[in-house]
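Chain residues, written in single-letter form:
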Amino acid sequence: MSVNLEHQFRVQDLNARYTEAIDDDRLESWPDFFLPEGKYLINTAENVAHGLPLGFMFATSQAMLRDRIKALRQANIYEAQRYRHVLTAPRLVEDNGGVLLARTSFMVARVMHSGETMLFATGMYEDRIVLNGDKTLFAEKKVILDSRQIDTLLAIPL
Amino acid sequence: MNVVANPRAWPSDSLTRVPYWVYSDQALYDIEMERIFRGDTWSFLCLEAELPRPNMFRTSHLGDMSVVVTRDGEGKVHAFENRCAHRGALLCHKDRGDAKEIACVYHNWTYDLCGKLTGVAFRRGIGGKGGMPPDSHPEEHAPRQLRVETFCGLVFGTLGKNVKPLEEFIGANITPSVRRVMAKPVKLLGGYSQILPSNWKLYMENTKDSYHASLLHMFFTTFRLNRLSQKGGLVVSEGGANHISYSMSADTAGKEYEQAKMRSANEGFALEVPEVIKSVDEFGDGIGLQILSVFPGFVLQQIRNSLAVRRIVPMGTDKTELVWMMFGFEGDTQELHDLRMMQSNLIGPGGFISMEDGAATGFVQRGSRGAASEMSVVEMGGQGIGSEESRVSEAAVRGFWNTYRQLMGV
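A brief structural summary. (Residues numbered from 1 in each chain as written. Chains lettered and ligands numbered in written order. Predicted model: local features only at pLDDT ≥ 70, side-chain atom pairs only at ≥ 80, totals over all residues. Heavy atoms only, no water.)

1. What to know about the pairing of strand β11 (residues 154-158) of chain B
Residue and element names in this part refer to chain B.
- Most of β11 sits out of view: five of its five residues are buried.
- A two-sided burial pattern is seen for β11, the buried positions comprising Leu154, Phe156 and Thr158 on one face and Val155 and Gly157 on the other.
- As paired strands, strand β2 (residues 43-47) and β11 are joined by four bridges and run antiparallel to one another. Each bridged residue has a counterpart across the sheet, and for Cys46 the counterpart in β11 is Val155.
- Here five bridges tie strand β10 (residues 147-151) to β11, and the two strands are oriented antiparallel to one another. Across the sheet, Phe151 pairs through a bridge with Leu154, a residue of β11.
- Connecting β10 to the antiparallel partner β11 that follows it, the hairpin turn spans two residues, and Cys152 within it adopts a positive phi of roughly 55 degrees. (Buried < 20%, exposed > 50% of the residue type's maximum accessible area, 1.4 Å probe, protein only. Helix = DSSP H or I, 4+ residues; strand = E, 2+ residues; numbered from the N terminus. Pairing = 2+ DSSP bridges.)

2. Topic: the packing of helix α4 (residues 200-208) of chain B against helix α9 (residues 355-367) of chain B
All names here are of chain B.
- Their axes nearest at 10 Å, the elements α4 and α9 cross at an angle of 125 degrees. It follows that α4 is oblique to α9 by the angle criterion. The element α4 and its partner α9 pack so that their crossing is right-handed. Contacts between α4 and α9 pair Leu202, Tyr203 and Asn206 from the former with Asp357, Thr361, Val364 and Gln365 from the latter.
- Here the contact of α4 with α9 is composed, by residue class, of three nonpolar, three polar and one charged. (Axes fitted to C-alpha atoms, helices over the stretch in contact; angles between N-to-C directions. Parallel < 35°, antiparallel > 145°, perpendicular 65-115°, else oblique. Left-handed = near helix turned anticlockwise from the far one by under 90°. Contact = heavy atoms within 4.5 Å. Nonpolar A, V, L, I, M, F, W, Y, C, P; charged D, E, K, R; others polar.)

3. What about the packing of α4(B) against helix α10 (residues 395-408) of chain B?
Residues and elements named next belong to chain B.
- Interhelical geometry of α4 versus α10 gives an angle of 140 degrees and a closest axis separation of 8 Å. With respect to α10, the axis of α4 lies oblique. In this structure, α4 contributes Trp200, Lys201, Met204, Glu205 and Lys208 to the contact, and α10 contributes Ala396, Val397, Phe400, Trp401 and Tyr404.
- The residue makeup of the contact of α4 with α10, split by class, is seven nonpolar, no polar and three charged.

4. A few points about the side chain of Ser376(B)
- Relative to the helices and strands, Ser376(B) is located in strand β19 (residues 375-377).
- Not counting the four nearest positions on each side in its chain, Ser376(B) is found in contact with Thr16(B), Arg17(B), Val18(B) and Tyr20(B).

5. Concerning the pattern of salt bridges
- Tallied over the full model, the rule gives 32 salt bridges over all chains.
- Ionic pairing is found between Glu379(B) and Arg17(B), a salt bridge with its closest N-O pair at 2.9 Å. Taken together, the residues Glu379(B) in the loop between β19 and α10 and Arg17(B) in strand β1 (residues 17-19) connect sequence positions 362 residues apart.
- The partly exposed category is assigned to Arg17(B), whose relative accessible area is 26%.
- Salt bridges sharing partners connect three or more residues here, namely Glu46(A), Arg148(A), Asp95(B) and Arg96(B). (Salt bridge = Lys/Arg side-chain N within 4 Å of Asp/Glu carboxyl O.)

6. Considerations on the interface of chain A and chain B
- Taken residue by residue, the interface counts 34 residues in chain A and 39 residues in chain B.
- The junction of chain A with chain B conceals about 3,500 Å² of combined surface from both sides, 57% of it contributed by carbon and sulfur atoms.
- Considering only the surface of chain A that becomes buried against chain B, Leu54(A), Ile77(A) and Thr152(A) emerge as the three largest contributors, covering 19% of it.
- Applying the counting criterion to the chain A and chain B interface returns four salt bridges.
- Scanning the region where chain A abuts chain B turns up 22 residue pairs in polar contact (both at pLDDT 80 or more).
- Counting residues per element, the ones that place at least two in the side of chain A that touches chain B are α2 (45-49), β2 (57-59), α3 (62-74) and β8 (149-151) of chain A. (Buried area = accessible area lost by both parts, 1.4 Å probe. Polar contact = N/O pair within 3.5 Å; in protein donor to acceptor, adjacent residues only side chain to side chain.)

Structure follows, in structure tokens:
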């Protein structure tokens, strides 16, 4: 299959900007990478393999993503921490012109305020991405974790 | 009461003081595994729904000991130690699967689904040479079989010789609340686990601590999901091992938290999508929240329409795995299913409410590190371990320690 290099680049660029926003603690801009009706969920590969839908986070709109960030900033109690995402190049699974399905592997290190650093999560983004003029946005971002274990808590999105 | 071979003595007869060394002492931890988890208590192993067909297995734990839970060809549930009679290797190294027999991968010794040793590879040797002497009885070292009882679709196991039948162990004032939630055939929705940076006892205390919930968790208080001013209660089983804390959905709209300037009451905080806390009264009794625990390591959760079982797996003095399984019921309407999905955002390590319990128990583990000879103060609601109308009480926490001290002989 011939890959549309422009599409490949736009997916890669979207995920690069998306993870950079999270890693730089610009969480307020995180919902802007999604369509207003964009979906975001985090589940485990084990649940997905068994057809079980319920995982760690489940949002069906950009507004729910804004609520998540607002809660992190104002309501929830957790120790200061940040992430560093490392991504592979995406693979375009489907390309229907305006809608793309892409898979990208990731690893995330979590760095605590104390300096303690651990490999926090590995997995795959399964992204449904809409190309609209010069805009590239997530219609759906499924974060599928390789492991079922989360150390302590999962506050910041992946 | 037996006396523990531990140089540290409990500082007081009162249940209102708990010495901090209980969270960090390795020798004590080893005795806990023996006397509590492998002693006269019932440990939750899994939901029956996790073994939906005959000839299936899944692995679970009795404390830090791995066990195999099976459903045999006739549909009966069994559990046995996950250890080969031969060299002690794990018999099942997968989480779950289908099997008519269990074979150890190391030397192909085989077991039936009750855990009985049924075959020793080349027991009589090959061509008349080698093999095991006729007077050898490896069966004597077979994995220990657990006594198993199921109640409302919950599978429990024990190695205890003197433990009461399961329902009696849970207690007559607790079992109706298990039945209340486990009212219909279970449909699994998803599972995950959370590694807590703390001793297992800190998590069980957290669960039984009805006083903390609305003070730590801003979501509970701000959105009036659970306030100590809401009608509810604390039910403690005889002797204190098991508990229920519940609150009614109906709120008095009181301003007690705001007037007392509690951090968790934040009137300025509102959600754009309040559907995440929208719920229906599916059990028809107005109870919006019910947290139920069974000593030593089981929790049954109803937070609005979010239902889950949680079990603890101790992993050393300062590490605990908390295994969650969320569920609904066969025949749930699409609307109810969608509510459970939405409310999944409240619980687990990423939950608006539950994430904070992972932080809080870790804070105690670290905060008390240099203070082994100091002790915590568990005196809310007095000294007793009885049921109470008020949840501004640590009666269930004291009940935990009463049971713990009896089993441990400290």
